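Each chain is listed here by its residues.
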2 protein chains.
Amino acid sequence: MTVGLGDDAAVFAPGHAMEVVACCDAMVETVHFLKSTMSPSDIGYKAVMSNISDVAAMGGYARYALVSIAVSPKWTPEECSQIYDGIYQACELYGVRVIGGDTVSAPDALHLSVTVLGEVEKGRAIRRSQAVAGHAVFVTGHVGSSAAGLHLLLQKDRGNGEWRELERAHQRPLAQVAAGRLLLASGACSALNDVSDGLASELWEIAEASQVAITVDSTKIPIREDVRAYAVQVNKDPLEWAFYGGEDYQLVGTVEPGRIEELTQKFAAADIPFTVIGRVEANREDGESALLLIRDGTQSPLSKAGFNHFGRRG
Amino acid sequence: MTVGLGDDAAVFAPGHAMEVVACCDAMVETVHFLKSTMSPSDIGYKAVMSNISDVAAMGGYARYALVSIAVSPKWTPEECSQIYDGIYQACELYGVRVIGGDTVSAPDALHLSVTVLGEVEKGRAIRRSQAVAGHAVFVTGHVGSSAAGLHLLLQKDRGNGEWRELERAHQRPLAQVAAGRLLLASGACSALNDVSDGLASELWEIAEASQVAITVDSTKIPIREDVRAYAVQVNKDPLEWAFYGGEDYQLVGTVEPGRIEELTQKFAAADIPFTVIGRVEANREDGESALLLIRDGTQSPLSKAGFNHFGRRG
């Protein structure tokens, strides 16, 4: 970095033969979080993490962050300082440096808008639009955990800490940079998204951008045991959380079928769960994209509608 | 650009031998603007322009923008579309492309946070911290016009359009990219800032970053005739607007004294007003920076306090 904080703008050069990856996500109080579901440091952490996840979904890694925060007098200086603690915790985990931003007053709700700048090898960024018929559909890690955690956090009775890991899944998700780098290095990945809005929404984005139909097998969706157990306790369908929950920041994408064994080994060696959950079908003659769920032996279309926080569309 | 809108992140490479310049500014309803002072398109325009101005203050030029907008149902779809019109108008003026962002709901005030990414020649970015004793202090264009415009816009009676240019100065300022490029090319500029918070605040930043004392001659400050005339009419001191107004987006900085004649000619050829307004004094023995105003034959210290929009600190 040539110029960091404390000037009109920051200045840096990407590494040799690298391009810059740039993304921006906003988080708004009452829309994306409540004081009751996220601590101030969780809020800061997650605003950064959602962007690092977007960079991971291009096969890149994050390097710099610009943080724009608008805060009302309702938030104490102590809480503001904790928001920054969370921002720096997320940055430190992934080697990201805060190089700029803006701190302003807000009349009411807290707004946090973060831009993350990363790097990816020239011409190698993994897009959404190159999924090809016959390719396998995979997802990293487990999905639905964050939504289960949010469900729990919205209850009056949260138990005696036995579901603490679910809360953490919602408050402190991890971006899958290592998985993205592994996929990019393999050259086998034809489309990639991060799970910010739920599997259904992400798979629809790939289906539409690539103009393909995708089928997904309900029995293959990787859902954690504690999520399943909690779902039984509260009488919910964990698949609902997986498909329409979001904020798991796992990667979902498509890969050449002949490379699955090799990728499975590489992911196992890296200790990252990697699960094939479906298939890209032949491109439809009518050019229409589709997303179909196979459940109990029948295929049915999966709607797009993603996660709807607190009744508002984010 | 390799990847634009419509994926998880955008991807681009800076030009050969160029570095990336990155900055981020937020604008919040009731804090930075009111519906009565700025039209929706003015708001979008200015949120982009303030960032292009930051890039200009490094000697660079802007290339890309990421726009994060949080909007409540109080704003109609028509108004939202006009905000984007203003964003694109500002971008078009400077060849900037919108490559990403986030559109979210807000419970109340409109928030607009823009990141602009630009380019500058490797190792050549002009910082705030290299001002040297003996260098001349200059400013481009005219200052105080935006503050005069805001004063007018806050009045019930705005006249019959005779002050329309003052309103424009507040609502549609222009970033001084050409001036910044000229200064960078000259190699004569030792420190540079854009006038976003008023001359006093910007000169203080240079004085502190460079650890120097700066003296400014009140008779040299370039203030437009219509600003002076309006100030007389409303019984205000136009210097107050120049020093504590801000949002003129002119450039203020320091240059080698031996290069002033050449720069004056080059700026004249480019049709950009260029005015020497003061001098960098010998670095103080106590290491303390200072800003002094020469007015009516006496020197007095100028306080830092910048522009205070609508009674809140932005």
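Residues numbered from 1 in each chain as written. Chains lettered and ligands numbered in written order. Predicted model: local features only at pLDDT ≥ 70, side-chain atom pairs only at ≥ 80, totals over all residues. Heavy atoms only, no water.

Asks: A description of the sheet that holds strand β2 (residues 18-28) of chain A should follow, citing residues and the corresponding values.
Replies: Read across the sheet, five strands follow the order β4(A)-β3(A)-β5(A)-β2(A)-β1(B) without closing on themselves; strand pairing throughout is mixed. Each edge of the sheet is formed by a strand with only one pairing partner; in this case those strands are β4 (97-105) of chain A together with β1 (10-12) of chain B. With strand direction ignored, the average angle separating the axes of adjacent strands in the sheet is 20 degrees. Pairing between strand β3 (residues 61-71) of chain A and strand β5 (residues 111-121) of chain A: nine bridges, direction antiparallel. Bridge pairing in β5(A) links A:Y61 to A:E119. Sheet strands in contact with helix α2 (residues 77-93) of chain A are β3, β4 and β5 of chain A, and its direction is about 170 degrees off that of β3(A). (Pairing = 2+ DSSP bridges. Helix = DSSP H or I, 4+ residues; strand = E, 2+ residues; numbered from the N terminus. Axes fitted to C-alpha atoms, helices over the stretch in contact; angles between N-to-C directions. Contact = heavy atoms within 4.5 Å.)

Asks: Requested: an account of the UniProt feature "binding site: Mg(2+) 4" (unreviewed entry) in chain A, with residues and values cited.
Replies: In the numbering used here, UniProt assigns the feature "binding site: Mg(2+) 4" (unreviewed entry) to A:D8 and A:D54. Maximum C-alpha separation among the annotated residues is 26.3 Å over a sequence range of 47 residues, too wide for a single clustered spot. Position of A:D8 relative to the elements: it lies in the segment before β1 (10-12). Once residues lying within four places of it in the same chain are set aside, the contact partners of A:D8 are B:C23, B:D54, B:A57, B:M58, B:R128, B:L192, B:N193 and B:D194. In this structure the side chain of A:D8 is engaged in a polar contact, spanning 3.1 Å, whose partner is the side chain of B:R128. Among the secondary structure elements, A:D54 is positioned in helix α1 (residues 40-56). (UniProt positions renumbered as here; feature names shortened; annotations may be inferred. Polar contact = N/O pair within 3.5 Å; in protein donor to acceptor, adjacent residues only side chain to side chain.)

Asks: So what's going on with the pattern of salt bridges? Which residues, and what values?
Replies: The tally for this structure, following the rule as stated, stands at 36 salt bridges over all chains. Residue A:R224 pairs with A:D226 through a salt bridge whose shortest N-O separation is 2.9 Å. A residue is classified by how much of its surface remains accessible, and A:R224, at 22% relative accessible area, is partly exposed. Across the salt bridge formed by B:R259 and B:E262, the nearest N and O atoms sit 2.7 Å from each other. Its relative accessible area of 28% is what places B:E262 among the partly exposed residues. Taken together, the shared-partner salt bridges in this structure form one network comprising A:D7, A:D8, B:R128 and B:E205. (Salt bridge = Lys/Arg side-chain N within 4 Å of Asp/Glu carboxyl O. Buried < 20%, exposed > 50% of the residue type's maximum accessible area, 1.4 Å probe, protein only.)

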